[in-house]
Amino acid sequence: MAGAHRNLNDMYRAFETTGPGKIPDPGNAGTIEFKLWGQVCSVVTTTTETRTLAQPDRPGIVGTVALDTDGGDLTLTVTGGFNQPGNTTITMADAGDFVTFVSVKIGTSYVWRELGKKRALAVPSTSPSSSPSAT
Amino acid sequence: MSAHRTLKDMYRAFEATGPGRLQDPGSGETITVDMYGQICSVVTTTAEARTLAQPDRPGVIATVCLDTDGGDLTLTVTGGYNRDADTVITFANAGDFVTFISLKIGTSYYWRLLANAEELVISSASPSSTPSASPSASPSSSPSAT
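### Things to note about unusual backbone geometry
No. 1: Of note in the backbone geometry, Ala29(A) takes a positive phi value of approximately 70° without being a glycine.
No. 2: Structurally, Ala29(A) can be placed in the loop between α1 (2–13) and β1 (30–32).
No. 3: On the neighbour-count criterion, Ala29(A) (9 C-beta atoms within 10 Å) is exposed.
No. 4: Of note in this structure, Ala85(B) is not a glycine but carries a positive phi near 65°.

Structure, rendered in structure tokens:
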């Protein structure tokens, strides 16, 4: 059980101030790449800004993007789409808006799927039928 | 193969006496999450209350579940769990649960709802929040209250 205890403790410590659980905000128009399990990217905007979430390269990874400080809307483009219709764009308008994703394998590709989000988060779509279910 | 060991250890963390299981502190007490992914299974014998302490870092996932329903559980989430700063969630039935994720918002850390039982009653500090479990499916709205 020591390993189990160490694991959860290490996971918890990973999110300390300089811990690896915190992925730095790449800045306006930058790309967020989750390279470790469970990472969170706290985004700060100073005006209307964009970020791109890179497509995952394996299934089972959980990652979160949150709007930390709202200086303007954040438009997040999820490469490969985040649901079955292939919607790619999520707009975060207020500090505290967030989406948690899980990566899944579909056929020969890996894509993000929405696991949870702030309720009523605006999810503009690229296709007309955009129920942002967590497909 | 440390990756294998890590997943195995994570799985074992939720065994009967594992550190993933955060002990129910009892009526009127505070649940303090101090490890990643912990779950607190609450047993009530009458209407009872718990308080969830505010997180001190972002990115942590934690769950509170009503294990045995001897009476409603009123959970007060310190700092609030949505933008309206609603703080109170009522668990009426065994199996009701809320999974939270901690976020950094400005200079503070808060819990936010990640998932919850569909029928969960979330009584709010403000009059506007009766969240269902499903995310809003409307693509058209600007974000309203969490």
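### Here we look at the sheet that holds strand β8 (residues 109–117) of chain A
Residue and element names in this part refer to chain A.
No. 1: An order of β2-β4-β7-β8 is seen for the 4 strands of this open sheet, with the pairing classed as mixed. Two strands in the sheet have a free side with no partner beyond their single neighbour: β2 (40–44) and β8. This sheet shows a mean twist of 25° between the axes of neighbouring strands, independent of strand direction.
No. 2: Two strands pair when backbone bridges link them, and strand β4 (residues 62–69) and strand β7 (residues 98–106) are joined in this way by 5 bridges, in the antiparallel orientation. Counted as the bridge partner of Gly63 is Phe101 from β7.

### Description of the environment of Tyr109(B)
All names here are of chain B.
No. 1: By secondary structure assignment, the location of Tyr109 is in strand β9 (residues 108–116).
No. 2: Tyr109 sits 85 residues away from Asp24 along the chain, and the two C-alpha atoms are 23 Å apart.
No. 3: Apart from residues lying up to four places away in sequence, Tyr109 is in contact with Gln54, Pro55, Asp56, Arg57, Pro58, Ser102, Leu103 and Lys104.

### Side note on the confidence of the model for chain A
No. 1: When pLDDT is averaged along chain A, the result is 86; 87% of the residues meet or exceed 70.
No. 2: Predicted confidence is poor over residues 124–135 of chain A, with pLDDT under 50, and the contacts of this stretch with residues over four places away or in other chains come to 35 contacts.

Procedures and definitions
Residues numbered from 1 in each chain as written. Chains lettered and ligands numbered in written order. Predicted model: local features only at pLDDT ≥ 70, side-chain atom pairs only at ≥ 80, totals over all residues. Helix = DSSP H or I, 4+ residues; strand = E, 2+ residues; numbered from the N terminus. Buried ≥ 20, exposed ≤ 12 C-beta atoms within 10 Å, placed from the backbone. Pairing = 2+ DSSP bridges. Axes fitted to C-alpha atoms, helices over the stretch in contact; angles between N-to-C directions. Contact = placed C-beta atoms within 7 Å. pLDDT = per-residue confidence, 0-100.

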